[in-house]
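Observations on chain architecture
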Amino acid sequence: MLEEYGKITPDSRWGDVKKDLENDPRYNRGILSPDDREDLFRAFRKKLQKEEEAKRLKKEKYVLIVLSFIIWSVNTVLLFREEQLRRQRERMLREAKADEERKLRLEREKLARTAETSDFRALLQERVHNHYMRWRDAIKLLESDSRYNTKYLTSSDKERLFEEHIRALEEVRVLLSPLFLIPYINKYYNNIATTSPV
């Protein structure tokens, strides 16, 4: 009868429930004394309290499981993101380091190329004095010197520097040719002056 009533909660009081149950014909049969009825009510209420407590514990356990999963998921995402950021930072550092090393290497190569170019020009000035010399002939003359064997100058670079040197020699020859003629001109005028009748 208490289960069929349906309005009893773990917080219900016997006095309130008793008023509603007095209208039920089963209550008035007189089988149980009023104290027995109240004891049954309290036992039923205790049973409801235990069931309610079990439901609450089950719900709390479910909530704890869900919260644990959420915390685990968030931690996993955070760890994954942290790992991504770490890898990204490492990649950026590697790229920056490689870029810096590349710049240093290029600068060193540029300096070495400049030094080799200067050395090769000095070699040309020391060994090549004729403006009519050809590159094939110059190679035979130059290759015995260590300054000819370069790491950063290609053979086409060397040939270009040779051609520049030959052009410079030609320009110097053209500029200086009148000066070379002066002694011959003076000699000519001196010969004329000495042979002419005065």
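Residue numbers restart at each chain and count upward from 1, following the sequence in its written direction. The predicted origin of the model limits local features to residues at a pLDDT of at least 70 and limits the giving and counting of side-chain atom pairs to 80 or more, whereas totals for whole chains, interfaces and linings rest on all residues. The basis for the side-chain values is all heavy atoms of the structure; hydrogens and waters are excluded.

**Some thoughts on the pattern of salt bridges**
What counts here: One side-chain nitrogen of Lys or Arg within 4 Å of one carboxyl oxygen of Asp or Glu is enough to make a salt bridge. Each helix is a run of DSSP H or I of at least 4 residues and each strand a run of E of at least 2, with the numbering of both proceeding from the N terminus. Throughout this description, buried means an accessible area under 20% of the type-specific maximum (1.4 Å probe, protein chains only), exposed means over 50%, and partly exposed covers the range between.
Applying the stated criterion to the full structure yields 17 salt bridges. When the shortest N-O distance is used, the salt bridge between Glu95 and Arg91 registers 3.3 Å. Taken together, the residues Glu95 and Arg91, both in helix H3 (residues 34-127) and four residues apart, mark about one turn of the helix. According to the relative accessible area criterion, Arg91 is partly exposed, its value standing at 37%. Taking the shortest distance from any N to any O, the salt bridge between Asp145 and Arg147 comes out at 3.1 Å. Here the residues in one salt-bridge network are Glu83, Arg86, Arg87 and Glu90, joined through shared partners.

**Some points on H3**
Along an α-helix, a turn takes 3.6 residues, which lines up residues three or four apart on a common side. Rules: In a helix, the anticipated span is given by 1.5 Å times the number of residues less one.
When the terminal C-alpha atoms of H3 are compared, their 136 Å separation across 94 residues agrees well with the 140 Å that a helix rising 1.5 Å per residue should span. Every buried residue belonging to H3 is among Arg37, Phe41, Phe44, Leu48, Glu116, Thr117, Phe120, Leu123 and Leu124, and all of these are buried.

**Some points on helix H4 (residues 135-142)**
Quick reminder of the rule: By construction, the arc corresponds to the directions joining the helix axis to the C-beta atoms.
Taken together, the buried positions of H4 are occupied by Trp135, Ala138 and Leu142. In a view along the axis of H4, the buried residues occupy a sector of 55°, so they form one face of it. Among the exposed residues of H4, those pointing more than 90 degrees away from its buried face are Arg136 and Lys140.

**Brief notes about the packing of H3 against H4**
As a reminder, the rule being used: Under this scheme, a helix contributes an axis fitted over its contacting stretch, all axes are lines through C-alpha atoms, and angles between N-to-C directions fall in the 0 to 180 degree range. To sort the angles, those under 35 degrees are grouped as roughly parallel, those over 145 as roughly antiparallel, those from 65 to 115 as roughly perpendicular, and the leftovers as oblique. Two residues qualify as a contact provided that any one of their heavy atoms is within 4.5 Å of a heavy atom in the partner residue. As a working rule, the residues Ala, Val, Leu, Ile, Met, Phe, Trp, Tyr, Cys and Pro are called nonpolar, Asp, Glu, Lys and Arg charged, and the rest polar, with Gly in that last group.
Axis separation between H3 and H4 bottoms out at 11 Å; the angle between their running directions is 100°. Viewed along their axes, H3 and H4 adopt a mutual orientation that is roughly perpendicular. Residues Phe120, Leu123, Leu124 and Arg127 of H3 lie in contact with H4, whose contacting residues are Trp135, Leu141 and Leu142. Of the residues assigned to the contact of H3 with H4, the class counts are six nonpolar, no polar and one charged.

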